[in-house]
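So the chains spell out like this:
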Amino acid sequence: MKLLKQFQAVFEGNLYRHRSSTHGDRVAQYLYEDLYDLNQSPKFRDRVDDESVVLGSANRTHGVKHRRGDGSLGPIVPGESAIQDLGFVVARGSLATIQIGVEVKILAKAMIKQIDRVIGDLKRQAEESGAAILKRSRSAS
C-alpha cells in the first residue's frame, strides 16, 4: 500500500516537524493511488483515467468557501487542464467541488492518551445524564 509507505517515510530517516502543513497533503494523495490500484470501482478508475476527477492542487475550491481537507478529490473545473505528475495515476487540478476529502492527523502517544481520557469522561457523563433522565421520567409517571 502506497499510503502506508508514504506515512512511514514521514518519520523514517527524517527529522519529524510537527507543525509542517505539508505532511498531510503528501500522505493523503496516496489514498487515491491505492484506491485506483485496488480496482474496486470501475467508475472511479474511469473518472481518473479520463481526468474528469482530480486531486486538488490548491488549498481551495471554486464557489462556496469552506475548509479544505488535506487530500481533496473532485471534478475538475470546466475548461481547466489536469496536471499529470510523473509516477502518479491521479492527476491534479482545480476543483469545482469536493467529492472525497481526507484529513490526516499525526498524534503523539501522549496526545492519544489524552483523547482517550476525554472520550471516557464524555461517555461516563452521557451515561450519568441518561440515568438521571430515566430516573426523572420514572418518578414523573
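Only a predicted model underlies this, so the values are computations on that prediction, with no experimental measurement involved.

Student: Mind laying out the overall build of the protein chain, listing which residues take part and the relevant values?
Tutor: Along the protein chain, the regular secondary structure elements total 4 helices and 4 strands. Within the protein chain, the proportion of its 141 residues that are buried is 26%. Within the protein chain, counting contacts between residues at least 6 apart in sequence, those at least 24 apart form 62% of the total. Approximately 10100 Å² of the protein chain is accessible, and the part contributed by carbon and sulfur atoms is 55%.

Student: Give me the lowdown on the packing of aromatic side chains, citing residues and values where you can.
Tutor: A full pass over the atoms with the stated rule returns 1 aromatic pair. A centroid spacing of 5.5 Å and a plane angle of 50 degrees characterise the contact between Tyr30 and Phe88, whose relative ring orientation is tilted. In this pair, Tyr30 is assigned in helix H2 (residues 22-38) and Phe88 in the loop between strand E2 (71-75) and strand E3 (92-95), connecting sequence segments 58 residues apart. By relative accessible area, Phe88 is classed as partly exposed at 21%. Positioned over the ring face of Tyr36 is Arg45, at 3.9 Å from the centre of the ring.

Student: So, the confidence of the model for the protein chain: which residues are in play, and what are the values?
Tutor: Averaged over all residues, the pLDDT of the protein chain equals 82, while 85% of them reach at least 70. Element-level mean pLDDT values for the protein chain span from 76 in strand E1 (residues 53-61) up to 96 in helix H3 (residues 42-49).

Student: Could you give an account of the nonpolar core, with specific residues and numbers?
Tutor: Burial of nonpolar side chains together is a common tendency in soluble globular proteins. Counting 14 residues, the largest nonpolar core has Tyr32, Phe44, Val48, Leu73, Val90, Val102 and Val104 as its most contacted members. No other element matches H2, which puts 4 residues into this core. Other than its neighbours up to four places away in sequence, Leu73 contacts Tyr32, Phe44, Val53, Val54, Leu55, Val90, Leu95, Thr97, Ile98, Gln99 and Ile100.

Student: Tell me what's going on with the pattern of salt bridges, and back it up with residues and numbers.
Tutor: Across all of its chains, the model carries 4 salt bridges by this definition. A salt bridge links Asp121 to Arg117, with the shortest nitrogen-to-oxygen separation between them at 3.2 Å. Placement of both Asp121 and Arg117 in helix H4 (residues 109-140) is noted, with a separation of 4 residues, approximately one turn of the helix. Residue Asp121 is classed as partly exposed on the basis of its relative accessible area, which comes to 33%.

Student: How would you sum up unusual backbone geometry? Please name residues and give values.
Tutor: Positive phi, normally seen in glycine, also occurs at Asn39, with a value near 55 degrees. Relative to the helices and strands, Asn39 resides in the loop between H2 and H3. The backbone phi angle of Glu51 is positive, close to 60 degrees, even though this residue is not glycine. In this fold, Glu51 is placed in the loop between H3 and E1.

Student: Report on a nonpolar patch on the surface, specifying residues and quantitative values.
Tutor: Together, Leu107, Met111, Ile112, Ile115 and Ile119 make up an exposed nonpolar region whose accessible area comes to about 380 Å². Within the fold, Ile112 resides in helix H4.

Student: Account for the side chain of Gln29, with residues named and values stated.
Tutor: Along the chain, the position of Gln29 falls in helix H2. Given a relative accessible area of 18%, Gln29 falls into the buried group. In contact with Gln29, not counting residues within four places along its chain, are Leu55 and Phe88.

Student: Requested: an account of the side chain of Asp34, with residues and values cited.
Tutor: When you line up the elements, Asp34 lands in helix H2. The side chain of Asp34 sits in the buried core without any salt bridge; Lys2 is the nearest counter-charge, 5.6 Å away. A polar contact is formed between the side chain of Asp34 and the backbone nitrogen of Lys2, at a distance of 2.9 Å. Apart from residues lying up to four places away in sequence, Asp34 is in contact with Met1, Lys2 and Leu3.

About the thresholds
- Residues numbered from 1 in each chain as written.
- Predicted model: local features only at pLDDT ≥ 70, side-chain atom pairs only at ≥ 80, totals over all residues.
- Heavy atoms only, no water.
- Helix = DSSP H or I, 4+ residues; strand = E, 2+ residues; numbered from the N terminus.
- Buried < 20%, exposed > 50% of the residue type's maximum accessible area, 1.4 Å probe, protein only.
- Contact = heavy atoms within 4.5 Å.
- Areas by Shrake-Rupley, 256 points an atom, 1.4 Å probe, with all protein chains shown as cover.
- Phe/Tyr/Trp six-rings, centres within 6.5 Å; stacked < 30°, edge-to-face > 60°.
- Lys NZ or Arg CZ within 6 Å of the ring centre and 35° of its normal.
- pLDDT = per-residue confidence, 0-100.
- Core = buried A, V, L, I, M, F, W, Y, C linked by side-chain atoms within 4.5 Å.
- Salt bridge = Lys/Arg side-chain N within 4 Å of Asp/Glu carboxyl O.
- Patch = residues over 30% accessible without salt bridge, like charges linked within 9 Å, V, L, I, M, F, W, Y side chains within 5 Å.
- Lys, Arg positive; Asp, Glu negative; His and termini not counted.
- Polar contact = N/O pair within 3.5 Å; in protein donor to acceptor, adjacent residues only side chain to side chain.

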